[in-house]
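Residues per chain are reported as follows:
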Amino acid sequence: PVGDDAGRETVTITNESGSILDISGWKLRDKANNTYAFPTGTTLITGDNQLTLQDNTMPLNNNGDEFVLLDNSGNQIGTKFEYSSSDVEIGVEVR
């Protein structure tokens, strides 16, 4: 949706490891190579974890984008996530 979404955008990451996972320093990287680093102390419980992107270093573009999750060594974790402008709607989760 049009407007400033800084500090209100969220991502959901599923932890399938069966144990608590520390993702401090891991990054989300988008198509334009903007990154968001998860702060120290960020952990994921088993299952879905909704995390709010606290700053505006990597906005989730309303006209579509793609991003990947990278561990501390820069390895891609999971698959690339892509969405288009037709997927974006106020208050609706893009899956």
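Residues numbered from 1 in each chain as written. Predicted model: local features only at pLDDT ≥ 70, side-chain atom pairs only at ≥ 80, totals over all residues. Heavy atoms only, no water.

Asker: So what exactly am I meant to see when it comes to the overall build of the protein chain here?
Answerer: Counting its secondary structure elements, the protein chain contains zero helices and eight strands. In the protein chain, the order of α-helices and β-strands from amino to carboxyl end is β-β-β-β-β-β-β-β. In the protein chain, which comprises 95 residues, the share counted as buried stands at 29%. Taking the intrachain contacts of the protein chain between residues at least 6 apart in sequence as the baseline, contacts between residues at least 24 apart amount to 52%. Total accessible area computed for the protein chain in this model is approximately 6100 Å², and 45% of it derives from carbon and sulfur atoms. (Helix = DSSP H or I, 4+ residues; strand = E, 2+ residues; numbered from the N terminus. Buried < 20%, exposed > 50% of the residue type's maximum accessible area, 1.4 Å probe, protein only. Contact = heavy atoms within 4.5 Å. Areas by Shrake-Rupley, 256 points an atom, 1.4 Å probe, with all protein chains shown as cover.)

Asker: Could you clarify how one ought to interpret the packing of aromatic side chains in this entry?
Answerer: Remark: the centre distance and the inter-plane angle together describe each pair of aromatic rings, the angle taken between the planes. Taken as a whole, this structure holds two aromatic pairs when the rule is applied. Arranged with centres 5.3 Å apart and planes meeting at 85°, the rings of Tyr 36 and Phe 38 form a pair that is edge-to-face. Phe 38 sits in the buried class, given a relative accessible area of 4%. Taken together, a centroid distance of 5.4 Å and an interplanar angle of 50° make the contact between Phe 67 and Phe 81 tilted. In this pair, Phe 67 sits in strand 7 (residues 64-70) while Phe 81 sits in strand 8 (residues 76-84), placing the two residues 14 residues apart along the sequence. (Phe/Tyr/Trp six-rings, centres within 6.5 Å; stacked < 30°, edge-to-face > 60°.)

Asker: I would appreciate a short explanation of the confidence of the model for the protein chain in the present structure.
Answerer: Scored by pLDDT, the protein chain has a mean of 80; 71% of the residues are at 70 or more. The secondary structure element of the protein chain with the lowest average pLDDT is strand 6 (residues 47-52), at 77, and the one with the highest is strand 2 (residues 21-22), at 94. (pLDDT = per-residue confidence, 0-100.)

Asker: Where do I start with the side chain of Thr 42 in this structure?
Answerer: The residue Thr 42 is located in the loop between strand 4 (35-37) and strand 5 (43-44) in this model. Within the local environment of Thr 42, its side chain forms a polar contact with the backbone oxygen of Pro 39, the two atoms lying 2.6 Å apart. Ignoring any residue separated from it by four or fewer positions in sequence, one finds Thr 42 in contact with Leu 21, Asp 22, Ile 23 and Ser 24. (Polar contact = N/O pair within 3.5 Å; in protein donor to acceptor, adjacent residues only side chain to side chain.)

Asker: Where do I start with the sheet that holds strand 8 in this structure?
Answerer: The strand order 4-3-7-8 describes an open sheet built from four strands, whose pairing is antiparallel. Looking at which strands have only one partner, the edges of the open sheet turn out to be strand 4 and strand 8. Across the sheet, the mean angle from the axis of one strand to that of its neighbour is 15°, orientation sign disregarded. Note that strand 3 (residues 27-30) and strand 4 share three bridges and pair antiparallel. Paired with Arg 29 across the strands is Thr 35, a residue of strand 4. (Pairing = 2+ DSSP bridges. Axes fitted to C-alpha atoms, helices over the stretch in contact; angles between N-to-C directions.)

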